[in-house]
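# Observations on chain architecture
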Amino acid sequence: MDFAVLGLGDSSYTKFNFVAKKLHRRLLQLGASALLPLCLGDEQHELGADAAIDPWLRDLWERVLGLYPMPDGLTEISPGVPFTMQLLQGAPSECSQEPHMACASPGGPPSESKPFLAPVVSNQRVTSPSHFQDVRLIEFDISGSGISFTAGHVVLIQPSNSARHVQKFCQVLGLNPDQYLTLQPREPGITCPPRLPQPCSLRHLVSQHLDIASVPRRSFFELLACLSPHELERGKLLELSSMEGQEERLQYCTRPRRTILEVLCDFPHTASAIPLDYLLDLIPPIRPRTFSIASSLLAHPSRLQILVAVVQYQTRLKEPRRGLCSSWLASLDPGQAGPVQVPLWVQPGSLTFPEMPDTPVVMVGPGTGVAPFRATVQERVAQGRTGNFLFFGCRWRDRDFYWEAEWRRLEQTGYLTLFTAFSREQEQKVYVQQRLREQGPLVWELLDRRGASFYLAGNAKSMPEGVLEALTSIFQEEGGLSGPDAAAYLARLQRTLRLQTETWA
Ligand code: 2AM
């Protein structure tokens, strides 16, 4: 057998492209022959996985066509679009109240194809006004949704584009947002996107489905060039979509994070000529975003809370860059007239907590990494469980110390032992891993004698590494283990799920 493996992964995870590596190795072992070296796409690369995919695809076709030449008389064609879109005349009566998406679902809890439309109960900034970062505690009402969760679950939220962006997009493409359309698969076997009501308005399609705020990939420029009737713009688009144009593409959109909408505004003759049928091919769908659930149903029945850091930063472009989902959530005002609803559903996350009532838990969660542990602590306290040890880190105690009053109350009742690291309150930075080292004897006693489970969550890039290093040195210093034995001890904790991490970049 001839084969070629392309893995799609993210090198900020420890098991980067694990499956691809294993598959490649195993196929070789079994005697298959590799057409190409193993290729590992990496989302951490400046160009995303495209950086690896593009040359890999080129080489793959070269190899495949070399081995299996195209029979005479056949030529390469590009595949057609999967759907046709038909514009309807006027708004059909059944859509005047546009079904945003299915609501409380009979038959099973809400899911990606049937999210629950959760009313926003509150949206509160939890960092002080003087703090550089806007972090929100957002609470949803999930009464009647059929949603249930325990500590460690995550919620998936389907964001929408802002009305301003939708308007702009329709304007540059020459579309009337109030027009309705239907989507028909061109061939049997192709299914329409499940969340898309039929018929639906263009406004709905653009605001809920098309990720116009994302940074375009190379293939976007390629297709756009094919569709362009304008010589000058087509030439530029071809340049940007070529392999040789990589540096230019980096300069133009990848580094400054220029969005699809902004690119379309730069190519107005092309944008206004895009056939409707190509929209879903050209523009990727808006993906749901995952958040750790920060509350327990035992403490807040019928409610679900999340802690959201609002993503905003400046590049060389004039407009600040804003995270689609966090900015949209932050903009929701529960006090406004009319319902403020967010499509969501829940899933188990990567953290699971011990069932045995006496097992202590050690949790390390700097910044918004503390969110899942608030759910854990609330749940365990409601069940009367003690043995909750939390290491929390932030910059300043009076600016970004989330839930301080709640933690202090729990400390007083004996349910919580809290260690804090305020990184900017002194000359030298202090991080959670330093507090962990200082508490070495306690940490060793909890893990080795009392069978504690250890959890780590957060988004600082090098934080997980720093914390695991601290743990390893505790095993050496307090447990008297050699370097290799300490590493093996750590590996065993991981294997038996007594050491779990949930980190994000
Ligand atoms: P800093 O921003 O002052 O460097 C929550 O974001 C807290 O995590 C902040 O106090 C932040 O400190 C800290 N932090 C940043 N990098 C870290 C790391 N590598 N390990 C542990 N904590 C870190």
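Quick notes on the rules
Residues numbered from 1 in each chain as written. Predicted model: local features only at pLDDT ≥ 70, side-chain atom pairs only at ≥ 80, totals over all residues. Heavy atoms only, no water. UniProt positions renumbered as here; feature names shortened; annotations may be inferred. Pairing = 2+ DSSP bridges. Helix = DSSP H or I, 4+ residues; strand = E, 2+ residues; numbered from the N terminus. Axes fitted to C-alpha atoms, helices over the stretch in contact; angles between N-to-C directions. Near = heavy atom within 4 Å. Polar contact = N/O pair within 3.5 Å; in protein donor to acceptor, adjacent residues only side chain to side chain. Areas by Shrake-Rupley, 256 points an atom, 1.4 Å probe, with all protein chains shown as cover. Phe/Tyr/Trp six-rings, centres within 6.5 Å; stacked < 30°, edge-to-face > 60°. Buried < 20%, exposed > 50% of the residue type's maximum accessible area, 1.4 Å probe, protein only. Lys NZ or Arg CZ within 6 Å of the ring centre and 35° of its normal. 1 Å grid on protein atoms, 1.4 Å probe; cavity = no way out; pocket = protein on both sides within 12 Å on 5 of 7 lines; lining within 4 Å. Points joined across faces, edges and corners; volume = space filled by probe spheres on them. Nonpolar A, V, L, I, M, F, W, Y, C, P; charged D, E, K, R; others polar. Left-handed = near helix turned anticlockwise from the far one by under 90°. Contact = heavy atoms within 4.5 Å.

For the chain, the name recorded in an unreviewed UniProt entry is NADPH-dependent diflavin oxidoreductase 1, with Tupaia chinensis as its organism. Quoted verbatim from the Subcellular location (unreviewed entry) field of UniProt, the annotation for the chain is "Cytoplasm". Note on the chain: under the UniProt heading Catalytic activity (unreviewed entry), the record states "2 oxidized [2Fe-2S]-[protein] + NADPH = 2 reduced [2Fe-2S]-[protein] + NADP(+) + H(+)".

### Considerations on the sheet that holds strand β11 (residues 289–292)
Taken in spatial order, the six strands make up an open sheet running β11-β8-β15-β6-β7-β12, and their pairing is antiparallel. Of all the strands in the sheet, the pair left with one neighbour each is β11 and β12 (303–309). Here the average twist between neighbouring strands, direction ignored, is 40°. Where strand β6 (residues 116–125) lies against strand β7 (residues 135–141), five bridges are found, and the strand directions are antiparallel. Counted as the bridge partner of N123 is I138 from β7.

### Observations regarding the site of the ligand
If you check the shell around the ligand, you find 13 residues, and the closest are R395, S423, R424, K429 and Y431. The backbone of C394 places a nitrogen or oxygen atom 3.0 Å from an oxygen atom of the ligand. Between Y431 and the ligand, the recorded distance is 2.5 Å, taken from a side-chain N or O atom to an oxygen atom. For the ligand, whose unbound accessible area comes to 480 Å², protein coverage reaches 82%.

### Some remarks on the packing of aromatic side chains
For the structure on display, the rule yields 11 aromatic pairs. Ring geometry for W444 versus F475: centroids 5.7 Å apart, planes at 55°, classification tilted. Here the residue W444 occupies a position in helix α15 (residues 440–449), and F475 occupies one in helix α16 (residues 463–479), the gap between them amounting to 31 residues. We note that W444, like F475, is buried. The structure contains a cluster of three or more aromatic residues connected by ring pairs, namely F392, F401, Y402 and F422. The ring of F18 has K15 lying over it, and the distance from NZ or CZ to the ring centre is 5.1 Å. The positively charged end of R399 is found above the aromatic ring belonging to W396, 4.4 Å away from the centroid.

### Some remarks on the layout of surface pockets
Estimated volume of the second largest pocket: approximately 620 Å³. P366, G367, R395, N459 and A460 are the residues nearest the centre of the second largest pocket, which is lined by 27 residues in total. Of all the secondary-structure elements, those providing two or more residues to the lining of the second largest pocket are β17 (388–394) and α14 (432–438). Its residues placed into classes, the lining of the second largest pocket shows 12 nonpolar, 10 polar and five charged.

### Observations regarding the UniProt feature "domain: FAD-binding FR-type" (unreviewed entry) in the chain
UniProt's feature table lists "domain: FAD-binding FR-type" (unreviewed entry) at residues 113–355, given in the numbering used throughout. Here residues 113–355 is 29% helix and 22% strand, with 32 Å between the C-alpha atoms at its ends.

### Considerations on the packing of helix α12 (residues 371–382) against helix α13 (residues 404–412)
For any two helices packed against each other, one specifies the crossing angle of their axes together with the interaxial distance. Orientation of α12 relative to α13, taken along the N-to-C sense of each, is 35°, at an axis distance of 12 Å. Relative to α13, the crossing made by α12 is left-handed. Across from R374, V377, Q378 and V381 in α12, the residues of α13 making contact are E406, W407 and L410. Residues of the contact of α12 with α13, tallied by class, amount to four nonpolar, one polar and two charged.

### Side note on unusual backbone geometry
A cis amide bond links Q198 to the next residue, P199, at an omega of -10°. With a phi angle near 50°, N17 is a residue other than glycine that sits in the positive phi range. Along the polypeptide, N17 turns up in the loop between β2 (6–9) and α1 (18–29). The backbone of S302 shows a phi angle near 65°, a positive value even though the residue is not glycine.

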